[in-house]
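# Breakdown of the fold
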Amino acid sequence: MCLDNSNNNNNSLSNINFSSLPRRLMMNCLYLIRGAAGNTLAQPQFSNSPIWMFENEYRPSLAENLLKLNRLITTINNINSNISENSNNIDPTTATANTLSTTTTTTTTTNTISSSSSSSSSTADTETKNETNDENVNSNSNNNGNNNNIDPSPTITPTSINSQQENNNQNQLFIKEFLNDFTTRVLWFTYRQGFPCIDNTMYDNDCGWGCMLRSGQMLLSNVLLHNVLGNEWKRSSSATHPDVYNNIISMFLDKPSAPFSIHNIAMEGQNLGKNIGEWFAPSIISQAIKILVSRNYEQCNISVFISEDGSLYIDQLLNISSKKKKTPSTEQQQKQQQQQQKESSTDNGDDKINEENNGNVEKIKNNIGKDDNIINDNSNVNGKEDKSSCKVEIGENNNNNNNNNNDNDDGETWEPLLILIPMRLGLDGLNSIYHTSLLEIFKFPQNLGVVGGKPRASLYFIAAQDDNLFYLDPHTVQNHIEVENGSKFPLNTFFCSTTKRTHISEVDPSLVVAFFCKTKDDFNDFIERSKKMTSQMENPIFSIFDNEPDYDSSRDYEYEEIDETGGETSDDIDIEADYHMM
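Residues numbered from 1 in each chain as written. Predicted model: local features only at pLDDT ≥ 70, side-chain atom pairs only at ≥ 80, totals over all residues. Heavy atoms only, no water.

### Things to note about the overall build of the protein
Applicable threshold: In this description a helix means any DSSP run of H or I spanning at least four residues, a strand means any run of E spanning at least two, and both kinds are numbered starting from the N terminus. Each residue is placed in one exposure class: buried if its accessible area under a 1.4 Å probe, protein chains only, is under 20% of its type's maximum, exposed if it is over 50%, and partly exposed if it falls in between. Contacts were defined at the residue level, with two residues in contact if any of their heavy atoms lie within 4.5 Å.
The secondary structure content of the protein amounts to 20 helices and 15 strands. Within the protein, the proportion of its 582 residues that are buried is 41%. Sequence-distant contacts, at least 24 apart, represent 76% of the contacts inside the protein between residues at least 6 apart.

What follows is the structure, given as structure tokens:
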């Protein structure tokens, strides 16, 4: 349905299939309109400021700072040397003759008009000085003409120095390190064509409408990558950890059987009110991610929280991520209960045995009732079934280096938590009052990017430097990859070799911010940083509170009648209606 740009080398009209032109033209127009990310998104220039990406800070080393200082001193010395050379090019003999001539003329003129009034004398002096200045200017002009019109007073401008620094910054070690991580360790998903049609539609590609879905895939895939690799992410690559990258990417391949494929995301969006082929809003992709993660919990082992009002409540987050651990005695009792239930259902020939089995079952139920209550209280948190036993096992397999941080002495285990905060920070454009706080969140170690972009064109922002954001762009058409069950496939198309940058003022105001707390220590650090940001900044992009407000209790207040003024009583006021209008 969408033309492959790589095959459009021949633009002859004779090669155009006019029978399919309207359909192709429509899809490509949508791709160009929604996919164009702006004219300022060329290969970026870097400054010497730190770059923040995925809990990593890339900054110049001491040696690089010394080298930068040396270059700056050299630049200033060169400019000063040019000034000195220009000054020396002026002939001193000519300058002395002009000075003596001017002095003689001034003395003669002064003696001639010495009998005049003081005002006339003052006027004569002024005229004489003007004549002297004119002669000096003419003399300097002649000298400059003989010296190739060299500017005798060049100025030092910050712009010229900064431009020279930016041209040299590409070779700095911290820039190379950032570019290497950007192009080899961050997963990239783009438009694909030629995959199996989505459900019963004719959509065999997502060109022009699937950019937000692809951005959501990039966000979730990198979350899963960090959940598995943890601190090893910085030292990982598709070459050093091929199985890890292969297994995660296979969950996002374009086929219905893949848990987080474009097919399943589009189908889930349909359940949320978006037809297949329609562009997703940040809130819709957030809901789709949450539902699919919950449905495929055994394969990802994380929980997802979505903020509905731009606020975070600590007790609510803890209820989702802090799970009660099952003790060995509890598990043994449950096994006994299941065995007794099987025996009671199969031994129908002997009434006495049935009565004994049923009695044993009742005894076991009475003995473990308390433990069951503890488990059941946490079984449906965030709308998921209780799979705590599976969670512990998966956590042990994937996160061996973080078990100590996830387990507490009070019988709780920490489940990795993905926090998504959909928000709108302006009307037609991103309001400038939020620039500072939006840039600040990229310094959070728990930040895993922002899904946003341009109007009707989604991008995945993953790094920040100064007032600029670096991003991955899904608006590239690639062919569908045919993968058989269990077979490996090339990974090079899932990494982006081009680094793009845009100014924060060009970002669309509708976006979703993502934080990932792998351990309880990560969560505590995130809470501390969030409270610090909200207290120190005038316009933070989200708020954080200790407890979720209890809206139900506000309706239980009793209002006394107003008798003194003769006005309305509490019975005449619709408290519930007024509450909903607030």
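### Focus: unusual backbone geometry
If you check the backbone angles, Asp 199 has positive phi at about 55 degrees while not being a glycine. Tracing the sequence through the fold places Asp 199 in the loop between β3 (191-193) and α7 (211-229). Accessibility expressed as a relative area gives 43% for Asp 199, which makes it partly exposed. Here the phi dihedral of Asn 301 falls at roughly 60 degrees; this positive angle occurs in a residue that is not glycine. Within the element layout of this structure, Asn 301 appears in the loop between α11 (297-300) and β4 (303-306).

### Re helix α6 (residues 173-184)
The test is simple: Multiplying 1.5 Å by the residue count of a helix minus one yields the expected span of that helix. Working definition: the arc comes from the directions between the helix axis and the C-beta atoms, pointing outward to the latter.
Counted at 1.5 Å a residue, the expected span for α6 with its 12 residues is 16 Å, and the 16 Å between its end C-alpha atoms agrees. Within the sequence span of α6, burial applies to Phe 174, Ile 175, Phe 178, Leu 179, Asp 181 and Phe 182. For α6, the angular spread of buried residues about the axis comes to 165 degrees, placing them on one side.

### A look at the packing of aromatic side chains
Basically, it comes down to this: Two rings belonging to Phe, Tyr or Trp (six-membered ring only in the last case) form a pair when the distance between their centres is within 6.5 Å. Interplanar angles under 30 degrees mark stacking, angles over 60 mark edge-to-face geometry, and anything in between is tilted.
Counted according to the given criterion, the structure contains 20 aromatic pairs. Arranged with centres 5.4 Å apart and planes meeting at 45 degrees, the rings of Phe 189 and Phe 252 form a pair that is tilted. Of this pair, Phe 189 sits in the loop between α6 and β3 while Phe 252 sits in the loop between α8 (242-250) and α9 (262-271), and the two are 63 residues apart along the sequence. Grouping residues by exposure puts Phe 189 and Phe 252 together as buried. With centroids separated by 5.7 Å and ring planes inclined at 45 degrees, the aromatic side chains of Phe 444 and Phe 515 adopt a geometry described as tilted. Of this pair, Phe 444 sits in the loop between α18 (435-440) and β9 (447-454) while Phe 515 sits in strand β14 (residues 510-517), and the two are 71 residues apart along the sequence. Joined through ring pairs, the aromatic side chains of Phe 46, Tyr 58, Phe 178, Phe 182 and Phe 470 make up one cluster.

### What about the environment of Asp 243?
Cut-off, in case you're wondering: Pairs of N or O atoms within 3.5 Å make up the polar contacts considered here, provided that, within protein, one atom can donate a hydrogen while the other can accept it, and that residues adjacent in sequence are counted only when both atoms are side-chain atoms.
For Asp 243, the position within the fold is in helix α8. Taking the C-alpha atoms as reference points, Asp 243 and Lys 488, separated by 245 residues in sequence, lie 8.9 Å from one another. A distance of 3.2 Å separates a polar atom in the side chain of Asp 243 from a polar atom in the side chain of Lys 488.

### What to know about the packing of α7 against α8
Put simply, the rule reads: Note on geometry: axes are lines fitted to C-alpha atoms, helical ones only across the stretch in contact, with angles between N-to-C directions running from 0 to 180 degrees. By definition, any crossing whose near helix is turned counterclockwise from its far helix by less than a right angle is left-handed, and any crossing with a clockwise turn is right-handed. Any residue outside Ala, Val, Leu, Ile, Met, Phe, Trp, Tyr, Cys, Pro, Asp, Glu, Lys and Arg is labelled polar, Gly included; the first ten of those are nonpolar and the last four are charged.
Axis separation between α7 and α8 bottoms out at 10 Å; the angle between their running directions is 145 degrees. In terms of crossing hand, the pair formed by α7 and α8 is right-handed. Judged by residue contacts, Ser 221, Leu 224, Leu 225, Val 228 and Leu 229 of α7 engage Val 244, Tyr 245 and Ile 248 from α8. Looking at the contact of α7 with α8 residue by residue, the class counts come to seven nonpolar, one polar and no charged.

### What about the pairing of strand β10 (residues 457-465)?
Here is the rule we go by: We call two strands paired when DSSP finds no fewer than two bridges between them.
With nine of its nine residues buried, β10 lies for the most part within the structure. Relative to β10, strand β1 (residues 51-53) is paired through two bridges, and the arrangement is antiparallel. Its bridge partner lying in β10, Met 53 is registered against Ala 463. Sheet topology places β10 next to strand β11 (residues 468-472); five bridges connect them, and they run antiparallel. Residue pairing for β11: Gln 465 is matched across the bridge by Asn 468. A loop of two residues connects β10 with β11, the two strands running antiparallel in sequence, and Asp 466 in this loop sits at a positive phi of about 55 degrees.

### Description of the nonpolar core
Note the following rule: Among buried residues, the Ala, Val, Leu, Ile, Met, Phe, Trp, Tyr and Cys ones that are joined through side-chain atoms within 4.5 Å form a nonpolar core.
Core analysis: the biggest nonpolar cluster contains 73 residues, and Met 53 and Phe 178 have the highest contact counts within it. Ranked by residue count, the leading element in this core is α7, at 10 residues. With sequence-adjacent residues up to four places away left out, Phe 178 is seen in contact with Phe 46, Ile 51, Met 53, Tyr 58, Ala 463, Phe 470 and Thr 499. Ile 419, Leu 459, Ile 504 and Cys 517 belong to the second largest nonpolar core, which has 37 residues in total.

### A look at the confidence of the model for the protein
Our working definition: Across the chain, each position has a pLDDT score giving the predictor's confidence in that residue, from 0 to 100.
Residues of the protein with pLDDT of at least 70 account for 56%, and the chain-wide mean is 73. Counting interchain partners and residues more than four positions distant, the pLDDT-below-50 stretch residues 102-168 has 36 contacts. Within the model, the stretch residues 326-330 combines pLDDT values under 50 with seven contacts to residues more than four positions away or in other chains.

### Section: the packing of helix α12 (residues 314-321) against helix α19 (residues 520-536)
Test applied: In what follows, roughly perpendicular refers to angles from 65 to 115 degrees, roughly parallel to angles under 35, roughly antiparallel to angles over 145, and oblique to any angle outside these ranges.
Where α12 contacts α19, the axes come no closer than 12 Å and their chain directions differ by 165 degrees. Classified by the angle between their axes, α12 and α19 sit roughly antiparallel to one another. For the element pair α12 and α19, the recorded crossing hand is right-handed. Between α12 and α19, the contacting residues are Ile 314, Leu 317 and Leu 318 on the first element and Lys 520, Phe 523, Ile 527 and Lys 531 on the second. By residue class, the composition of the contact of α12 with α19 is five nonpolar, no polar and two charged.

### So, the pattern of salt bridges
Side chains that differ in sign of charge can pair as their charged atoms come close. Under the convention used in this document: Salt bridges are counted wherever a side-chain nitrogen of Lys or Arg sits within 4 Å of a carboxyl oxygen of Asp or Glu.
In this structure the tally under the stated criterion is 13 salt bridges. Of the charged contacts, one joins Asp 206 and Arg 214 as a salt bridge, the two residues approaching to 2.8 Å between their closest N and O atoms.

### Things to note about helix α10 (residues 282-295)
Compared with an ideal rise of 1.5 Å per residue, which puts 14 residues at 20 Å, α10 spans 20 Å between its outermost C-alpha atoms and is within 8% of the ideal. Where α10 is buried, its residues meet α7, α9, α11, β4, β8 (417-424) and β14.

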